[in-house]
Amino acid sequence: GAGVSQSPSNKVTEKGKDVELRCDPISGHTALYWYRQRLGQGLEFLIYFQGNSAPDKSGLPSDRFSAERTGESVSTLTIQRTQQEDSAVYLCASRRQGFEKLFFGSGTQLSVL
Amino acid sequence: SQKIEQNSEALNIQEGKTATLTCNYTNYSPAYLQWYRQDPGRGPVFLLLIRENEKEKRKERLKVTFDTTLKQSLFHITASQPADSATYLCALEGYDYKLSFGAGTTVTVRA
């Protein structure tokens, strides 16, 4: 595709449910990043992938959060037993390799009721 | 722990003036520093990148400086226009390829 695609664009869920967020990076981009952005705040690093390997998972807030990536393609971020504090925009970005610019998707707005 | 701080206040300027944004960091030795623009409801868009051994970079009306001694980057928008109104984010990248962002500075340019 022409850009980074994220789905769904909006997700409303009930507290305690599991959600899965999807990111399709730009073709050929080996690196993929996930960030969380709470309302009015900056980007909080969650995890990044190089290929399908995740060298740095240090930003995942708790063991309810997990992410995986298939090859150098789609990635999914899963949040189990969602809590209200998980409500935020989840942004995905990709790039060809390290030290280059990131291309961001439009994000998934997650609302936990 | 690593910390990235941007102008804590929003910036309101008159059209035609220069906007100067600050990005300070502590406990960090970045290899690269990047600046992004974010409009409401959208993902950030890349603007400029500067390496640790570079002092200054320019692109059209944008200029970024990088002082590793002061641990500071300055981002300038010259001849500002209302279309420049947005939130501007600085991002630091270490040799571990982890990109960390500041909280951003919101710029409003008045016509």
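Relevant structure appears above.
The shown structure was predicted, so the numbers you read here are calculated from the model rather than taken from an experiment. (Residues numbered from 1 in each chain as written. Chains lettered and ligands numbered in written order. Predicted model: local features only at pLDDT ≥ 70, side-chain atom pairs only at ≥ 80, totals over all residues. Heavy atoms only, no water.)

Draft legend 1. The arrangement of the sheet that holds strand 3 (residues 19-24) of chain A in detail. Residue and element names in this part refer to chain A. Strand order across the open sheet formed by four strands is 1-3-8-7, with antiparallel pairing between neighbours. A strand with exactly one partner marks an edge of an open sheet, and here the two such strands are strand 1 (5-7) and strand 7 (65-69). Sheet twist, expressed as the mean angle between neighbouring strand axes with direction ignored, is 15 degrees. With five bridges connecting them, strand 3 and strand 8 (residues 75-79) associate as antiparallel partners. Within strand 8, the residue paired with Leu21 across the bridge is Leu77. (Pairing = 2+ DSSP bridges. Helix = DSSP H or I, 4+ residues; strand = E, 2+ residues; numbered from the N terminus. Axes fitted to C-alpha atoms, helices over the stretch in contact; angles between N-to-C directions.)

Draft legend 2. View of the pairing of strand 5 (residues 43-50) of chain A. Residue and element names in this part refer to chain A. Within strand 5, six of the eight residues are buried, which leaves it mostly tucked inside the rest of the structure. Here strand 4 (residues 31-37) hands over to strand 5 after five residues, with Gly40 in that stretch at a positive phi of 75 degrees. With two bridges connecting them, strand 5 and strand 6 (residues 53-56) associate as antiparallel partners. Opposite Tyr48, over in strand 6, you have Asp56 as the bridge partner. (Buried < 20%, exposed > 50% of the residue type's maximum accessible area, 1.4 Å probe, protein only.)

Draft legend 3. The arrangement of the sheet that holds strand 8 (residues 72-77) of chain B in detail. Residues and elements named next belong to chain B. If you walk across this open sheet you meet the five strands as 1-3-8-7-6, and the pairing is antiparallel. Taken across any chain shown, the strands that pair with only one partner, and hence form the sheet edges, are strand 1 (3-6) and strand 6 (56-59). Pairwise comparison of adjacent strand axes, ignoring direction, gives a mean angle of 15 degrees for this sheet. In the sheet, strand 1 pairs with strand 3 (residues 19-26) via four bridges, with the strands oriented antiparallel.

Draft legend 4. Quick peek at the interface of chain A and chain B. With 20 residues of chain A in contact, the opposing surface of chain B contributes 21 residues. Interface of chain A and chain B: buried area, both sides summed, is about 1,600 Å²; carbon and sulfur atoms make up 60% of it. One can count one salt bridge joining chain A with chain B. The shortest N-O distance in the salt bridge between Glu93(B) and Arg95(A) comes to 2.3 Å. One can count nine residue pairs in polar contact (both at pLDDT 80 or more) joining chain A with chain B. Of all the elements in the fold, those that place two or more residues in the side of chain A that touches chain B are strand 4, strand 5 and strand 9 (88-95) of chain A. The residue makeup of the side of chain A that touches chain B, split by class, is nine nonpolar, seven polar and four charged. (Contact = heavy atoms within 4.5 Å. Buried area = accessible area lost by both parts, 1.4 Å probe. Salt bridge = Lys/Arg side-chain N within 4 Å of Asp/Glu carboxyl O. Polar contact = N/O pair within 3.5 Å; in protein donor to acceptor, adjacent residues only side chain to side chain. Nonpolar A, V, L, I, M, F, W, Y, C, P; charged D, E, K, R; others polar.)

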